[in-house]
Amino acid sequence: MARLNLWRWAALALAALYFLVPMAASVVFTVDVPGQGVTFDAYTRIVSADGFVSSLLLSLELAAATIVVVLLLMVPATVALRLGSPRLRPVVEVVCSLPLVVPPIAFVAGISTVLEWGPEHLSRTPLFQTFVAIQDPGFPVVLVLAYAVMALPFVYRALDAGLRAVDVRTLVEAARSCGASMPQALVRAVLPNLRGALLNASFLTLALVLGEFTVASLLGYQPFAVWIYSVGGSQAQMSVAVSVLSLFLTWALLLALAVLGGRSRTASASRG
């Protein structure tokens, strides 16, 4: 047992070195300026940098919209699989896993082909304005659709794990026996028991949208990840400083998720 614990501590130490050494090197690079010593100018210039606020707000708006779209799509689908069509579960699992198989560059090439094909063949139909609207640089809906597809594997896994821990059929039957309709049973009986899974799915989607670069860059938009890359060409220190701050923000969100998930489990246990 002591030898097993030693190996565990050794693995933990190696993992800590793997993550903390690059992080420490990045922090040192942002604050150590040759000839000036330690300075935090790279961090103080971030808020006033051109495009920082607009790109960050755009990424957060895209993330919020993507979370809403993917949850509205996947929550009813996964619940329906558990209740009425369990044999279709392997099919849905394979379909939701396809974005992991298709390279992002091929995915973007397909989107670009569709966007180019649409105006050429639908210019005299009402759908032409739809193709124009979804490519609005102020809020590119096409990115929301692309991110929703890319988030499917993570959202499906999170929701499926949450549903495995809940007796959905019993919850729905109990709610229906009390006079609730099917949508009411889903909202009032099932969703409160999936709070942790919903938080996991939302966080994974948020992390994906904030860090996604390939699709947005090749389609010509500038959310937060693309802005970091563009700044890095001329202001390397500030680019690394933004990356460090975004990583700390992700960790803070993960910590908040863990706290909220722990509170939800505690509340469920106290009610039980």
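For the structure, check the block above.
Residues numbered from 1 in each chain as written. Predicted model: local features only at pLDDT ≥ 70, side-chain atom pairs only at ≥ 80, totals over all residues. Heavy atoms only, no water.

(A) Up close: the overall build of the protein. Helix and strand counts for the protein stand at 13 helices and 2 strands. When the backbone C-alpha atoms are referred to their principal axes, the protein occupies close to 75 × 75 × 30 Å. Each of the 272 residues in the protein was classed as buried or not, and the buried ones make up 35%. Relative to all contacts within the protein whose residues are 6 or more apart in sequence, the contacts with residues 24 or more apart total 75%. As presented, the protein carries roughly 16100 Å² of accessible surface, and 69% of it is formed by carbon and sulfur atoms. Both charge centroids of the protein, one from 16 positive and one from 12 negative side chains, sit 19 Å from each other. (Helix = DSSP H or I, 4+ residues; strand = E, 2+ residues; numbered from the N terminus. Buried < 20%, exposed > 50% of the residue type's maximum accessible area, 1.4 Å probe, protein only. Contact = heavy atoms within 4.5 Å. Areas by Shrake-Rupley, 256 points an atom, 1.4 Å probe, with all protein chains shown as cover. Lys, Arg positive; Asp, Glu negative; His and termini not counted. Charge placed at Lys NZ, Arg CZ, Asp CG, Glu CD.)

(B) The arrangement of the side chain of Thr30 in detail. Here Thr30 is to be found in helix H1 (residues 2-31). A polar contact is formed between the side chain of Thr30 and the backbone oxygen of Val27, at a distance of 2.7 Å. Residues contacting Thr30, with those up to four places away along its chain left out, are Thr39, Ala42, Tyr43, Gln237, Val240 and Ala241. (Polar contact = N/O pair within 3.5 Å; in protein donor to acceptor, adjacent residues only side chain to side chain.)

(C) Local environment of the nonpolar core. If you look at the biggest cluster of nonpolar residues, it comprises 51 residues, and the most contacted ones within it are Leu71, Met74, Leu143, Tyr147, Val155, Val168 and Leu219. Put simply, the parts of the chain that give this core at least two residues each are helix H3 (52-83), helix H5 (104-121), helix H7 (141-164), helix H8 (168-177), helix H9 (182-190), helix H10 (195-211) and helix H11 (214-218). In this structure Leu143 touches Leu62, Val215, Ala216, Leu219 and Tyr221, once residues within four positions along its chain are discounted. (Core = buried A, V, L, I, M, F, W, Y, C linked by side-chain atoms within 4.5 Å.)

(D) Representation of a nonpolar patch on the surface in the model. On the surface, Tyr18, Phe19, Leu20, Leu247, Phe248 and Trp251 cluster together to form a nonpolar patch covering roughly 660 Å² of accessible area. Of all elements in the fold, only H1 and helix H13 (236-271) reach the threshold of two or more residues within the nonpolar patch. Within the element layout of this structure, Phe19 appears in helix H1. (Patch = residues over 30% accessible without salt bridge, like charges linked within 9 Å, V, L, I, M, F, W, Y side chains within 5 Å. Salt bridge = Lys/Arg side-chain N within 4 Å of Asp/Glu carboxyl O.)

(E) Here's a closer look at the packing of H3 against H8. Their axes nearest at 9 Å, the elements H3 and H8 cross at an angle of 95°. In terms of axis orientation, H3 runs roughly perpendicular to H8. Across from Val79, Arg82 and Leu83 in H3, the residues of H8 making contact are Val168, Arg169 and Val172. Split by residue class, the contact of H3 with H8 holds 4 nonpolar, no polar and 2 charged. (Axes fitted to C-alpha atoms, helices over the stretch in contact; angles between N-to-C directions. Parallel < 35°, antiparallel > 145°, perpendicular 65-115°, else oblique. Nonpolar A, V, L, I, M, F, W, Y, C, P; charged D, E, K, R; others polar.)

(F) View of the packing of H8 against H9. Interaxial distance between H8 and H9 falls to 9 Å at its minimum, and their mutual angle equals 120°. Of the possible angle classes, the one that applies to H8 and H9 is oblique. Here H8 runs over H9; the crossing is right-handed. Packed against H8, whose contacting residues are Val168, Leu171, Val172, Ala175 and Arg176, the element H9 presents Met182, Ala185, Ala189 and Val190 at the interface. (Left-handed = near helix turned anticlockwise from the far one by under 90°.)

(G) Here's a closer look at the packing of aromatic side chains. Counted under the stated rule, the structure contains 5 aromatic pairs. On the numbers, 5.3 Å between centres and 90° between planes, the contact of Tyr18 with Phe19 is edge-to-face. Residue class for Tyr18 comes out exposed when judged on its relative accessible area of 62%. According to the relative accessible area criterion, Phe19 is exposed, its value standing at 53%. Aromatic pair Phe52 and Phe224: ring centres 6.0 Å apart, planes at 65°, arrangement edge-to-face. (Phe/Tyr/Trp six-rings, centres within 6.5 Å; stacked < 30°, edge-to-face > 60°.)

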